[in-house]
Amino acid sequence: MEEITRKDFLHSTVNTLIGLWVTATAVLSSYAGLRYLWPTEKTAGGPGGNKASFPLTELPEGDMKKVLIGGKPAGIIRLNKDLYALSLICTHLGCIVSWHPEEKRLICPCHGGVYDINGAVLGGPPPRPLPSYEVRLRGDTVVVG
Amino acid sequence: MKYINLNKWLEKIEKSVNVRGVINWFTLATGFLYGEFDDRLDLRSALQKVLKKPVPKHINFWFCFGGFTFLLLVINIFTGILLLMYYRPTIDQAYDSIVHITNNVPFGWLVRGFHHWAANIMVITVLIHMLRIYFHGAYKHPRDMNWVVGVCLFLLVLSFGFTGYLLPWNQVSFWATTIGAEIPSTFPVAGPYITYLLKGGDSVGQLALTRFFAFHVVILPWITIGLLSLHFLMVRRLGISGPL
């Protein structure tokens, strides 16, 4: 039976640490790589033209639902039984605007840009109105894009 | 002196668990079937001959920059292949797909960042490598051929940079390519034709993007791999140059 010397012990300790490090790196980069390659709702559509749909029951009156169209955030607002679909990217510096149901306005939290329900600028720094999307009601399903 | 008796309890574990089998499966799964190949082809002795080659005593930090450059090249090949999974080389979609990779694809920012920074740092490491060779006089006979191959590789790194710079298709890349393509127009006789060919027409457009893309991802990498193999073979054959 062989005894382990201090040198051998240090040797195998360092080797084990290197092995663990390599394994950890391999596991973490495979995880990141798989996440990178795995198609998701955000990535499968890609940057081209795109559509989104969801049942009308998910959108109560006066509320807004966020969807992704071509990977970009859009908001569907249901107000007075009408549907409005707007891009949520503020035309000023690209922050995500939020829907304020009590004022019936879209307000950008960054610099206070104010838009109305059709996307027109009511105040603040935005240079252009919010782009709108085509939105239809097909049976009980809301179809955007 | 007291020794640490690891073997005793390692043996105990070995008896209770089929450690050998687990290790065999581990090597089979992770080590590219190394154990099984070694069993048949005796890879160990062959690899030891290659990997355990002694290096001279005078080697220091400055001798590492060729290796750093190679490491960065491997990173760039790897992340470049990953970027290819999402990039779209058309003037309509190139910029959008870059934004998509950076903002929407999980870890896309990381992959793109690695590609960007490895590419930039590579130019620095390749220059330091070149300066080291120059100041050590390592370019002299019999290593003069390898110096020539090295200079070609340096130009290839710059060509990678130039072609890759156009691919995001933003204002900077458009104008950088326009300026870069205009430079040869001052050459006598052939100048305007070279510029026309580089731009793929009168101004940088879809043709230039497609061709730069083809050069960046197919043509230049294969030339680089060929020349790099020569570079490494010659380093191996000639050895590392002597101390100052």
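Residues numbered from 1 in each chain as written. Chains lettered and ligands numbered in written order. Predicted model: local features only at pLDDT ≥ 70, side-chain atom pairs only at ≥ 80, totals over all residues. Heavy atoms only, no water.

S.K.: Sorry, what's going on with the environment of G145(A) here?
M.R.: Residue and element names in this part refer to chain A. Positionally, G145 belongs in the segment after β10 (141-144). Overall, G145 belongs to the partly exposed group, its relative accessible area being 29%. Expressed as a C-alpha distance, the spacing of G145 and Y133, which sit 12 residues apart in the sequence, is 5.6 Å. (Helix = DSSP H or I, 4+ residues; strand = E, 2+ residues; numbered from the N terminus. Buried < 20%, exposed > 50% of the residue type's maximum accessible area, 1.4 Å probe, protein only.)

S.K.: Even after reading the chapter, I still don't get unusual backbone geometry, so can you show me in this structure?
M.R.: Glycine aside, a negative phi is what most residues show, and trans is what most peptide bonds show. Residue P142(B) is bonded to the preceding H141(B) through a cis peptide linkage, with omega at 5°. If you trace the backbone, P142(B) turns up in the loop between α7 (108-135) and α8 (144-166). One non-glycine residue, K81(A), lies in the positive phi region at around 65°. Assignment of secondary structure puts K81(A) in the loop between β3 (72-79) and β4 (82-87). Relative accessible area serves as the criterion here: at 76%, K81(A) is assigned to the exposed category.

S.K.: Looking at this model, I keep getting lost on the domain arrangement of chain B. Mind explaining?
M.R.: How big an interface is tends to be stated in terms of accessible area lost as the parts join. Under the domain assignment used here, chain B contains domain 1 (6-51) and domain 2 (64-238). Distance from the C-alpha centre of domain 1 of chain B to the C-alpha centre of domain 2 of chain B: 41 Å. (Domains from an automatic or database assignment.)

S.K.: Is there a simple way to explain the sheet that holds strand β9 (residues 135-138) of chain A in this structure?
M.R.: Backbone hydrogen bonds are what pair the strands of a sheet, in a parallel or an antiparallel way. Residue and element names in this part refer to chain A. Strands sit in the order β1-β10-β9 across an open sheet of 3 strands; the sheet is antiparallel. A strand with exactly one partner marks an edge of an open sheet, and here the two such strands are β1 (52-55) and β9. Taken pair by pair, the neighbouring strands of this sheet meet at an average axis angle of 20°, ignoring direction. Here β1 runs beside β10; their pairing, made up of 4 bridges, is antiparallel. Opposite S53, over in β10, you have V143 as the bridge partner. (Pairing = 2+ DSSP bridges. Axes fitted to C-alpha atoms, helices over the stretch in contact; angles between N-to-C directions.)

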